[in-house]
Amino acid sequence: MIKPFQRGAAAIALIVATVLAASPARAQQKSEIALSRQPGIFYMPSHIMEKLKLIEKHAASLGLAGVTTKWITFSGGGAQTDALLAGRVDILNTGTGNLLLLWDRTRGGVKGIVATSAQPMTLISRDANIKSIRDFGPSDKIAVPTVKVSTQAIVLQIAAAEAFGADQWSKLDANTVQLGHPDAYAALSNPKHEVHNHFSIPPFTFLELKNVPGAHIVLSSPDVMGGPLSQAQFFTTTKFAEANPKIIQAVRDATKEAQALIRSDTKQAVEIYKEITGDKTSVEELLDLLKEPGMMEWNLEPQGTMKFAAHLFKTGTLKSQPKAWTDYYLPVAHDLKGN
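Rules used throughout
Residues numbered from 1 in each chain as written. Predicted model: local features only at pLDDT ≥ 70, side-chain atom pairs only at ≥ 80, totals over all residues. Heavy atoms only, no water. Pairing = 2+ DSSP bridges. Helix = DSSP H or I, 4+ residues; strand = E, 2+ residues; numbered from the N terminus. Axes fitted to C-alpha atoms, helices over the stretch in contact; angles between N-to-C directions. Salt bridge = Lys/Arg side-chain N within 4 Å of Asp/Glu carboxyl O. Buried < 20%, exposed > 50% of the residue type's maximum accessible area, 1.4 Å probe, protein only. Arc of directions from axis to C-beta. Contact = heavy atoms within 4.5 Å.

Trainee: I would appreciate a short explanation of the sheet that holds strand 4 (residues 110-117) in the present structure.
Mentor: Adjacent strands of a sheet pair through backbone hydrogen bonds, lying either parallel or antiparallel. On the basis of which strands lie adjacent, the open sheet formed by five strands has the order 2-1-3-10-4 and mixed pairing. Unpaired on one side and paired on the other, strand 2 (68-73) and strand 4 mark the two borders of the sheet. Ignoring which end each strand starts from, the neighbouring axes of this sheet average 20° apart. Sheet topology places strand 4 next to strand 10 (residues 232-237); five bridges connect them, and they run antiparallel. Paired with Gly112 across the bridge in strand 10 is Phe235.

Written out as structure tokens, the structure reads:
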């Protein structure tokens, strides 16, 4: 029997009720847009969009003058879905797991706009005894942004199924603890902290490998998924999208421009990222980081998400199996070559 989610379930249930029970009256078009994201360089397109006011720019080009944006950073995807529920944000920028779960539970009432990044995630350990996923014991804690439903938590399930057998996909769920990436980095940096492992994202991956004694790679998401996996995408309720089609188009256009800047002028992009986030890592180190394999996967199209969805359906997490990635993305993205 599939165990229910222990965390995030209450928020998700309330979001379902909110979306499904909402008044059928058409939502009002908005001019003040609140968007959320998490810490980390995965979200660099959003930092560029904020600094250069790209959503505002593209909204104006579509005839919407006076649009303003407010960007809010949360420690994990669970906190972002809570903010969506509370009406504090209109559009989320977070992981594939949260998108698919909300799409399923709201019966299509939440859908993606475009993907923003697909850099590798890396399971890091400072425990010399843990060299592979098979070495985790019952007391070995693994930090993830949100237990059960974050992209990291679900990739860990897929890895467990491959290592221990298809029916053992949840074997390491009890090992996971919820910590935002900055807090998880701090935990690994503290030799007395009980958390010795972190399913990390850049730049924390590279900071941990560089600065934490004994830190080493246990596995990476491309090894598990067989290629890139979208780690961040914009998504919203279909109610908001239907009421604000030009905003949705502006988000796509702004994301495309931000991604293009990262590729064409990486130094400027890194400088913007540092200014907005306060990251103390030097420009030179961040530029070197972005030269690492897989670190320039800045694409509008979702990558690897159908394998992700297939796992969630097989394990009972998703009640509906999507036939294609376009089922959980808005029409604004349907011309892209996603998977």
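Next comes the rest of the account.
Trainee: Explain the pattern of salt bridges to me, please; I cannot follow it from the model alone.
Mentor: Here the structure, examined in full by the defined rule, presents 11 salt bridges. Put simply, Glu162 and Lys307 hold a salt bridge, and the shortest N to O gap is 4.0 Å. One end of the pair, Glu162, is in helix 6 (residues 151-164); the other, Lys307, is in helix 14 (residues 305-314), with 145 residues separating them in the sequence. Ionic pairing is found between Arg252 and Asp335, a salt bridge with its closest N-O pair at 2.7 Å. Highlighted residues: Arg252 in helix 11 (residues 245-264) and Asp335 in the segment after helix 14, separated in sequence by 83 residues. Look at Arg252 and you get buried, because its relative accessible area is 13%.

Trainee: Is there a simple way to think about helix 14 in this case?
Mentor: Along an α-helix, a turn takes 3.6 residues, which lines up residues three or four apart on a common side. Thr305, Phe308, Ala309, His311 and Leu312 are the residues of helix 14 that are buried. For helix 14, the buried positions fall inside an angular range of 160° around the axis, keeping them on one side. At its buried positions, helix 14 is contacted by helix 5 (96-105), helix 6 and helix 9 (221-225). Note on helix 14: the residue one or two positions beyond its end, Gly316, has a positive phi of about 90°.

Trainee: Is there a simple way to think about the pairing of strand 5 (residues 122-125) in this case?
Mentor: Regular strands show a simple pattern: their side chains alternate between the two faces of the sheet. Going residue by residue along strand 5, you find Thr122 and Ile124 tucked away on one face and Leu123 and Ser125 tucked away on the opposite face as well. Two elements, strand 5 and strand 8 (residues 195-200), share four bridges in a ladder whose sense is antiparallel. Residue pairing for strand 8: Thr122 is matched across the bridge by Ser200. Of the pairings in the sheet, the one linking strand 5 to strand 9 (residues 216-220) comprises four bridges and is antiparallel in character. Bridge assignment links Leu123 to a residue of strand 9, and that residue is Leu219.

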